[in-house]
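Breakdown of the fold
Okay, here's what each chain looks like letter by letter:
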Amino acid sequence: MNQQKRRFFVALLPPQPIQDYANEIKQHFAEQYASRAAQKSPPHITLQAPFEWSMDEIDTLKQSLSEFAIAQTPIPISLSGFSAFVPRVIYINVLRTPALLDLHQALIAHMETALGIVDQKAKQRPFAPHMTVAFRDLSKQNFRAAWPEFQHRSLEFEFLALHLTLLLHNGQRWNSYENFPLASSTSTPLRTD
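Remember, predicted model here, so these are calculated numbers, not experimental data. (Residues numbered from 1 in each chain as written. Predicted model: local features only at pLDDT ≥ 70, side-chain atom pairs only at ≥ 80, totals over all residues. Heavy atoms only, no water.)

Another point: the sheet that holds strand β8 (residues 174-181). To summarise the sheet geometry, strands pair through backbone hydrogen bonds and adopt either a parallel or an antiparallel arrangement. The strand order across the open sheet formed by four strands is β2-β1-β7-β8, and the pairing between neighbours is antiparallel. Every other strand in the sheet has two partners, leaving β2 (45-54) and β8 as the edge strands with one partner each. Here the strands of the sheet are splayed against their neighbours by 25 degrees on average, with no regard to which way each runs. In the sheet, strand β7 (residues 163-169) pairs with β8 via seven bridges, with the strands oriented antiparallel. (Pairing = 2+ DSSP bridges. Helix = DSSP H or I, 4+ residues; strand = E, 2+ residues; numbered from the N terminus. Axes fitted to C-alpha atoms, helices over the stretch in contact; angles between N-to-C directions.)

As structure tokens, then:
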């Protein structure tokens, strides 16, 4: 059996048209500002920061996330404009709605009590939902050049989050590993076996 631990995180992924838009912005940052790190994952809103988990125990992780998700309801997500974590990160702003904050808190609590997964950093700072378009490799100089371009740029999207997504790092990038439908979402059939 594969004893190795792999890196995962849990996120909400927007519908494909919004992913396409966000990916175009990531490409712009890669071409204009030499920032490519954000291209190593699909556009997403992180709910549970990256953690390590053994592939031998993957069924336990998937079962736990499935049980959590089925007890939640789909939530509306609003994206509005751009914001930044100065001096290196530019992101699509995600509105901090009570439904999103509640889902995040419930998931963090579930991951800790059911799986023993604890993100100490998340416990020490408020949840700041965002969809990163440039980070880590965006130089401070390029941040100063890019931020005026995006600071007042208009962007408004709304979507209904219908599932949680577990993402797996393959050594190069993050990829969607499995979706877990939220309770009454009808777009993804629920397994009954």
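There's plenty left to go through after this.
Quick look at the sheet that holds strand β4 (residues 89-94) now. The strand order across the open sheet formed by four strands is β5-β4-β3-β6, and the pairing between neighbours is antiparallel. The open sheet has two free edges, formed respectively by β5 (130-134) and β6 (156-161), since each of these has just one partner strand. This sheet shows a mean twist of 35 degrees between the axes of neighbouring strands, independent of strand direction. Across six bridges, the pairing between strand β3 (residues 75-85) and β6 is antiparallel. If you follow L79 over to β6, its bridge partner there is F157. Sheet contacts for helix α5 (residues 140-151): β3 and β4; angle to β3, the most-contacted strand, approximately 135 degrees. (Contact = heavy atoms within 4.5 Å.)

With that settled, consider the side chain of H110. Its place among the elements puts H110 in helix α3 (residues 98-115). Reaching out from H110, the side chain makes a polar contact with the side chain of S64 at a distance of 2.7 Å. (Polar contact = N/O pair within 3.5 Å; in protein donor to acceptor, adjacent residues only side chain to side chain.)

Let's shift gears to the side chain of S41. Among the secondary structure elements, S41 is positioned in the loop between α1 (16-33) and β2. Apart from the residues lying within four places of it in its own chain, the contact partners of S41 are K26, R173 and W174.

In this section: the packing of aromatic side chains. Both the distance between ring centres and the angle between the ring planes are used here to describe each pair of aromatic rings. This model, assessed by the stated rule, comprises nine aromatic pairs. Ring plane angle 25 degrees and centroid distance 6.1 Å describe the contact between F8 and F51, whose orientation is recorded as stacked. Here the residue F8 occupies a position in strand β1 (residues 5-12), and F51 occupies one in strand β2, the gap between them amounting to 43 residues. Take F8 and F51: they sit in the same class, and that class is buried. One aromatic cluster in this structure is built from F29, Y33, F82 and F150. (Phe/Tyr/Trp six-rings, centres within 6.5 Å; stacked < 30°, edge-to-face > 60°. Buried < 20%, exposed > 50% of the residue type's maximum accessible area, 1.4 Å probe, protein only.)

In the contact formed by α1 and α5, the axes pass within 11 Å of each other and the chain directions differ by 140 degrees. Looking at the two axes, α1 sits oblique to α5. Helix-helix and strand crossings are classified by hand; for α1 and α5 the assignment is right-handed. Side by side, α1 and α5 meet where I25, H28, F29 and Y33 of the first sit next to N142, A145, A146, E149 and F150 of the second. Looking at the contact of α1 with α5, its residues break down into six nonpolar, two polar and one charged. (Parallel < 35°, antiparallel > 145°, perpendicular 65-115°, else oblique. Left-handed = near helix turned anticlockwise from the far one by under 90°. Nonpolar A, V, L, I, M, F, W, Y, C, P; charged D, E, K, R; others polar.)

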